[in-house]
Amino acid sequence: MLATSACAKSEDSDSGSGPSTGSSAGAQVAQSAAPGSATCTLEQFGGTKVDLKTAKVGFSQSEKEANPFRIAETKSIKDEAAKVGIPAANLTTANANSQFNKQIADVEQMIDSGVQLLVIAPLNSDGWDSVFAKAAAKKVPIITIDRKINAKSCTNYLTFIGSDFEKQGQRAADEMAKALGNKGEVAILLGAPGNNVTTLRTKGFKDQIAKVAPDIKITFEQTGNFSREEGQKVSEQLLQSNDKINGIYAENDEMALGAIVALRGAGKKAGDVKIVTIDGTKGAVQAVVDGWASAVIESNPRFGPLAFETATKFFNGEPIPEDIIIEDRQYDASNAKADLNSAY
C-alpha cells in the first residue's frame, strides 16, 4: 500500500515497508498490505497483457484544477505518463468540473474510444454501474485514486489508491484536542456529500473526539463542499450565530483558508480560534507558520508514480492489493516552516 516520504512529521514514519515510488520530496510510498488482504492478478481479472508504452490510457478528473490538490494530482498523472513513455497522443484526459453525469459520460466515451487502462478520480462513490458494464465488456482495468468507489475490486475495478480517510479524521481530532486542552466548542466544515472522503473524515473525527476529549462539544456542522468560497460563507454564518466557537475542523484546506478570511473579517486574531485541516497545501501550511492553523494532516495528491507502477505490475501478472493506502504526513508548529517547500 502507500505512504509518503518523511520530509515532514509523520505519524508512523517507519511503517512504510512497501516499495517506494521515489525518494523525491513529497513522493508517495506504499504501506505493506495487511496479511490476508485480497489481491487481483491479470489472470483473475481476465484481461490481456498491455505494454504501457504503446497503450491508450484515460484519466478522468472529478473537479476543475482550481485548487492545489487537483492541480498537483492531474500534473502528477501527466508527468508520470510521460516518464513511463506513454505518447502524449495516447493519454486522454477529461475534467468533470464537479458534474457527476459529465464524469460518467467522459469515462464511457474513453472506453468507447479504445482505452486499455483507466485512472479515475471519482466525484461520487456510487452510480458507476454503466461504466462498470462497459469496462467489463472490454476488460479495461480501472484504478481509482483519492476517492473510493463502492463496488467490487477485481470485478468492477482493479484497485483503490488513496489515504485512510477515517484515520485522517482521527488524527485531526487528536490535534484539535491538543490545541484546545481537551475542552471547548468545535465546528465542522464538512466536505462535499456523496463520497467516502467526507463520510470517513467526519466519522473519524467525531469518534476520536468522543474518545479522547469528551468535554469538546461539536456544536455546528455544515457543508462547505471542499470550496474556499463556501468555506468562508459558512464560517461567516457560524461566527454570526456563535461568536464563542473555540475550534474549526475543516475537512480540506480550501475550506480552512476560507474560514481564516471569515475570522479576519470578524476581527479575530491568529490563534483565537484553533483550526485543524486536511490536505497539505502550501497555503494551509503557511497558515500554521502564521499561527492561524494548529495542524494540517496531509492528503498526498501525487498519484502518478504509484498509479503507473501498479498498472505495470498488474500487466506483468503480479498480484495487486484491492486497497493501496498511503501514510500521510503532518504539519504543525514544530515543522511547518522548515517543511513548507514539501507542501504542494
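Each remark here, short or long, concerns the structure printed above.
To keep things clear, this report deals only with the structure shown in the data block. (Residues numbered from 1 in each chain as written. Predicted model: local features only at pLDDT ≥ 70, side-chain atom pairs only at ≥ 80, totals over all residues. Heavy atoms only, no water.)

**Focus on the pairing of strand β9 (residues 159-163)**
Of all 5 residues in β9, 5 are buried; the element is thus mostly enclosed. In the sheet, β9 pairs with strand β16 (residues 323-326) via 4 bridges, with the strands oriented parallel. Counterpart to serine 163 in the pairing with β16 is isoleucine 326. (Buried < 20%, exposed > 50% of the residue type's maximum accessible area, 1.4 Å probe, protein only. Helix = DSSP H or I, 4+ residues; strand = E, 2+ residues; numbered from the N terminus. Pairing = 2+ DSSP bridges.)

**Points about the pattern of salt bridges**
Per the stated rule, a full pass over the model turns up 19 salt bridges. For the salt bridge of lysine 148 with aspartate 323, the shortest nitrogen-to-oxygen distance reads 2.8 Å. Highlighted residues: lysine 148 in the loop between β8 (142-145) and β9 and aspartate 323 in strand β16, separated in sequence by 175 residues. The partner of glutamate 327 in a salt bridge is arginine 171, and the shortest N-O contact between them spans 3.9 Å. Of this pair, glutamate 327 sits in the loop between β16 and β17 (329-332) while arginine 171 sits in helix α5 (residues 165-180), placing them 156 residues apart in sequence. By relative accessible area, which is 4% here, glutamate 327 ends up buried. Residue class for arginine 171 comes out buried when judged on its relative accessible area of 5%. (Salt bridge = Lys/Arg side-chain N within 4 Å of Asp/Glu carboxyl O.)

**Thoughts on the pairing of β8**
The side-chain alternation of β8 yields two buried faces, one formed by Ile142 and Thr144 and the other by Ile143 and Ile145. Across 3 bridges, the pairing between strand β7 (residues 117-120) and β8 is parallel. Looking at the pairing, isoleucine 120 lines up with threonine 144 of β8. In this region the chain leaves β7, passes through helix α4 (residues 129-138) and returns to the parallel neighbour β8; the handedness of that crossover is right-handed. (Right-handed = clockwise from strand over helix to strand, strands pointing away.)

**Some remarks on the environment of glycine 231**
Its location among the elements puts glycine 231 in helix α7 (residues 228-241). Sequence separation of glycine 231 and methionine 255 is 24 residues, and the distance between their C-alpha atoms is 4.1 Å. Setting aside residues no more than four positions away along its own chain, glycine 231 makes contact with Leu189, Gly224, Met255, Gly258 and Ala259. (Contact = heavy atoms within 4.5 Å.)

**Some details on the packing of aromatic side chains**
One pass over the full model with this rule turns up 6 aromatic pairs. Between phenylalanine 69 and tyrosine 344 the ring centres are 6.2 Å apart and the planes differ by 70°, which places this aromatic pair in the edge-to-face class. Taken together, the residues phenylalanine 69 in helix α2 (residues 68-84) and tyrosine 344 in the segment after β17 connect sequence positions 275 residues apart. Of the two residues, phenylalanine 69 and tyrosine 344, neither departs from the other in class, the shared state being buried. Measuring from centroid to centroid gives 6.2 Å for phenylalanine 160 and phenylalanine 165, while their planes differ by 55°, and the two rings are tilted. With relative accessibility at 2%, the residue phenylalanine 160 sits in the buried group. With a relative accessible area of 4%, phenylalanine 165 lands in the buried category. Feature note: the residues Phe45, Phe314 and Phe315 constitute an aromatic cluster, connected by ring pairs. Sitting over the face of the ring of phenylalanine 45, lysine 139 holds its NZ or CZ atom 5.8 Å from the ring centroid. (Phe/Tyr/Trp six-rings, centres within 6.5 Å; stacked < 30°, edge-to-face > 60°. Lys NZ or Arg CZ within 6 Å of the ring centre and 35° of its normal.)

**What about unusual backbone geometry?**
Here aspartate 146, not a glycine, exhibits a phi torsion of approximately 70°, which is positive. Here aspartate 146 shows up in the loop between β8 and β9. In this model, aspartate 279 sits at a positive phi of 160°, which is unusual for a non-glycine residue. Relative to the helices and strands, aspartate 279 is located in strand β13 (residues 274-279). A relative accessible area of 5% places aspartate 279 in the buried class.

**What about the state of the cysteines?**
Tallying each qualifying case throughout the model produces 1 disulfide. Paired by a disulfide, cysteine 40 and cysteine 154 hold their sulfur atoms 2.0 Å apart. Because the sign of the S-S torsion sets the handedness, a value of about 65° for the bond joining cysteine 40 and cysteine 154 places this disulfide among the right-handed ones. Taken as a pair, cysteine 40 in strand β4 (residues 39-40) and cysteine 154 in the loop between β8 and β9 lie far apart in primary sequence, 114 residues in all. (Disulfide = S-S within 2.5 Å.)

**Considerations on the side chain of threonine 202**
In this fold, threonine 202 is placed in helix α6 (residues 196-212). Those residues in contact with threonine 202 that lie beyond four places of it in its chain are Leu190, Glu221 and Glu251.

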